[in-house]
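Breakdown of the fold
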Amino acid sequence: MFPEITQQNVHIFFPFKIAKVAVQIAKEENIPITKAVEKFYASKTEQILADESTKLWHLGWVGLYDTYKAEQNDR
């Protein structure tokens, strides 16, 4: 049985997903990976991801990247 996902443990899903999103941002924008990570962590997408109740953590990295890109296009 899997443990319940709560606000206290939802962060366990982030490292791999955010790393993959950051690699894609870096490729698309031709920027260093460190800058891409900073951009993602400064985004509204990351804020929403960090809130367990949104269930955004269910998305794979491609879904997160698409959400990030949609946010950037809305600016």
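Our structure is the block above this text.
Parameters at a glance
Every chain is numbered on its own, with residues counted from 1 as its sequence reads. At least 70 in pLDDT is required for a residue's local features to be given in this predicted model, at least 80 for side-chain atom pairs to be given and counted, and no such filter applies to totals for whole chains, interfaces and linings, which use all residues. Side-chain numbers here rest on the full set of heavy atoms in the structure, without hydrogens or water. Axis angles are defined between N-to-C directions and span 0 to 180 degrees, where every axis is a line fitted to C-alpha atoms and, for a helix, only to the segment in contact. Secondary structure elements are taken from DSSP: a helix is a run of H or I of four residues or more, a strand is a run of E of two residues or more, and numbering for both begins at the N terminus. For classification purposes, angles smaller than 35 degrees are called roughly parallel, those larger than 145 roughly antiparallel, those between 65 and 115 roughly perpendicular, and all remaining angles oblique. The hand of a helix crossing depends on one turn: near helix anticlockwise from the far one by less than a right angle means left-handed, and clockwise means right-handed. Two residues form a contact once any of their heavy atoms are found within 4.5 Å. Basically, the charged four are Asp, Glu, Lys and Arg, the nonpolar ten are Ala, Val, Leu, Ile, Met, Phe, Trp, Tyr, Cys and Pro, and anything else, Gly included, counts as polar. Side-chain atoms within 4.5 Å link the members of a nonpolar core, which is a set of buried Ala, Val, Leu, Ile, Met, Phe, Trp, Tyr and Cys residues. For the exposure calls, accessible area comes from a 1.4 Å probe over protein chains only, and a residue counts as buried if that area is under 20% of its type's maximum, exposed if over 50%, partly exposed in between. To estimate how far a helix should extend, the number of its residues minus one is multiplied by 1.5 Å.

1. Quick notes on the packing of helix 1 (residues 14-29) against helix 4 (residues 61-74)
It is the contact of helix 1 with helix 4, at a shortest axis distance of 9 Å, that shows an interaxial angle of 50°. By the criterion of interaxial angle, the relationship of helix 1 to helix 4 is oblique. Relative to helix 4, the crossing made by helix 1 is right-handed. Residue-level contacts link Lys17, Lys20, Val21, Gln24, Ile25, Glu28 and Glu29 of helix 1 to Trp61, Leu64, Tyr65, Tyr68 and Lys69 of helix 4. Tallied by class, the residues present in the contact of helix 1 with helix 4 amount to six nonpolar, one polar and five charged.

2. Concerning the nonpolar core
The biggest cluster of nonpolar side chains holds 16 residues, and the ones touching the most others in it are Val21, Ile25, Phe40 and Leu49. Mapped onto this core, the elements with two or more residues apiece are helix 1, helix 2 (33-41) and helix 4. Considering every element that reaches this core, the biggest residue donor is helix 1, with six residues.

3. Describing helix 1
Given 3.6 residues to a turn, an α-helix orients residues that are three or four positions apart in the same direction. Taking 1.5 Å per residue, 16 residues should reach 22 Å; helix 1 reaches 22 Å between its end C-alpha atoms and fits that length. Taken as a whole, helix 1 has its buried residues at Phe14, Lys17, Ile18, Val21, Ala22, Gln24, Ile25 and Ala26. In this structure, the buried residues of helix 1 make contact with helix 2, helix 3 (44-49) and helix 4. Where helix 1 terminates, the next one or two residues include Asn30, which has phi positive at roughly 50°.

Any functional reading would require information that these geometric values do not contain.
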